[in-house]
Amino acid sequence: MELSVTDIATSQASLENLMGHDRLALEEYFASLGEKPFRATQVLKWVHQQGVYDFSEMTNLSKNLRLKLASQVSFTLPEIINDQASEDGTRKWLLRLEDGNSIEAVFIPEAGRGTLCVSSQVGCALNCSFCATARQGFNRNLTSAEIVGQLRLANQLLVRPDNERPVTNVVMMGMGEPMLNYDNVVQAMRLMQEDFAYGLSKRRVTLSTSGLLPEMQRLSKECPVSLAVSLHAPDDELRNELVPINRKYPIQELMHACREYTKGLPHQKITFEYVMLAGVNDSDAQARKLAKVIGNVPCKLNLIPFNPFKGSGYSSSSLTRINHFRDILMQKGIMTVTRKTRGDEIDAACGQLAGKFTDRTRRTERLQQVTLTGEIH
Ligand code: SAH
């Protein structure tokens, strides 16, 4: 009997995708097959280090095991539907997920390192007033497979002649609030740090949050990666407006949680992010107030020029204003950096990541197209 395209699509979809399984989860899976734990590390290396997803090529597994795996599970990546490169080397990928939704991931090369900005949700529920992702509303959490899949794809697409891994740092600063998808994000970050997978140290994995206190507490115990906190205002009145979650977790409590976070991590500093909005949060008085607010937290401060998008209602502070703001903070002893905007012409900057929501009808359309051309891409 010949399989139709729909049959193939359905049978692939029914295989459990193990792309997001960390070592522990894979060991449990192999134990359930009566296999030894070291199978997990063998498979981790094939998939995450070699980019081999086809079990028949995993030559250190027995033939029987390979066949069994192929009948039960898969290692599947999101599909690349757009790949843009900016003049400064920044790359942005639009990725289609199995349910037809799409997300974006951005690679930013710098001297001696390559940073991948990873999305954690389709859309975002937090409604920060200056962020393009917020305008989409919230659709769903990404699975750990979809989160780690962004890193796997980037390493695969950016192969270097010296075989060094192109992505040396990951920042969870793409679409979504990672703390609201805690379990999947933590599982994905464990894989990022796993020696048999990507081997990134906890300093090279950064989670950016708008400040969800209970999850910050959990993270410091369970997976203490570097933490960035999106502050954007020196007082509750303004922050309530810019970052509405502030009404639930106001600034003083947030600062306390930040201090607690760094206690578990000697030499570790919180990175505060502060988007510079002309005439909103960029005055000298606000700079002095900010220095007082964050002065008791071991921290550094990143000033981010606002990246405009249609209908935002904001504009960025001028570079002169940003640098003056920086000087005030530096004089007060706060290590402050003005962040360069990267990937401008491809809308790859902070807060500009959009992706697209589609429903299953789009997928049906695509499958029909596939049937017509007889190819599966
Ligand atoms: N939800 C998380 C992570 C995603 S946003 C968080 O809030 O931290 C990543 C960073 O980009 C945050 O600091 C966010 O405030 C900032 N950002 C959002 N929109 C922006 C814009 N239009 N211009 C500049 N930075 C923006």
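Refer to the structure above for everything that follows.
Residues numbered from 1 in each chain as written. Predicted model: local features only at pLDDT ≥ 70, side-chain atom pairs only at ≥ 80, totals over all residues. Heavy atoms only, no water.

## Focus: the side chain of S208
Within the secondary structure layout, S208 lies in strand β10 (residues 205-209). Accessibility expressed as a relative area gives 9% for S208, which makes it buried. Here E273 takes part through its side chain, which lies 2.9 Å from a polar atom of the side chain of S208. If we ignore the near neighbours within four places in the chain, the residues touching S208 are M172, M173, E177, P178, A228, S230 and E273. (Helix = DSSP H or I, 4+ residues; strand = E, 2+ residues; numbered from the N terminus. Buried < 20%, exposed > 50% of the residue type's maximum accessible area, 1.4 Å probe, protein only. Polar contact = N/O pair within 3.5 Å; in protein donor to acceptor, adjacent residues only side chain to side chain. Contact = heavy atoms within 4.5 Å.)

## Topic: helix α7 (residues 213-222)
Buried within α7 are the following residues: L213, E215, M216 and L219. Angularly, the buried residues of α7 cover 155° about the axis, an arc narrow enough to put them on a single face. Looking at α7, the residues exposed on the side facing more than 90 degrees away from the buried face are Q217 and K221. At its buried positions, α7 is contacted by α6 (182-193), β10, β11 (226-230) and α9 (251-263). (Arc of directions from axis to C-beta.)

## Focus on the side chain of H21
Examined against the element boundaries, H21 turns out to sit in the loop between β1 (16-17) and α2 (23-32). H21 has contacts with E16, L26, L44, Q187 and L191, leaving out every residue within four places of it along the chain.

## Notes on the site of the ligand
Near the ligand lie 19 residues; those nearest to it are F130, S208, S230, H232 and N307. Residue F130 places a main-chain N or O atom 2.9 Å away from a nitrogen atom belonging to the ligand. T209 has a polar backbone atom sitting 3.4 Å from an oxygen atom of the ligand. Contributing elements (two or more residues each) for the shell around the ligand: β10, β12 (270-276) and β13 (299-305). (Near = heavy atom within 4 Å.)

## As for the pairing of strand β4 (residues 91-96)
For β4, a buried count of six out of six residues is recorded, marking the element as mostly surrounded by other parts of the structure. Side chains of β4 alternate between two faces, with R91, W93 and L95 and K92, L94 and R96 buried alike. Alignment of strand β3 (residues 79-85) against β4, held across six bridges, turns out to be antiparallel. By the bridge assignment for β4, N82 is matched with L94. What sits between β3 and β4 in their antiparallel hairpin is a turn of five residues, with G89 showing a positive phi close to 95°. When β4 meets strand β5 (residues 102-110), the two strands line up antiparallel, connected through six bridges. Counted as the bridge partner of W93 is A105 from β5. Connecting the antiparallel pair β4 and β5 is a turn made up of five residues, with G100 showing a positive phi of about 95°. (Pairing = 2+ DSSP bridges.)

So, to be careful, I would describe these as geometric facts and stop short of saying anything about function.
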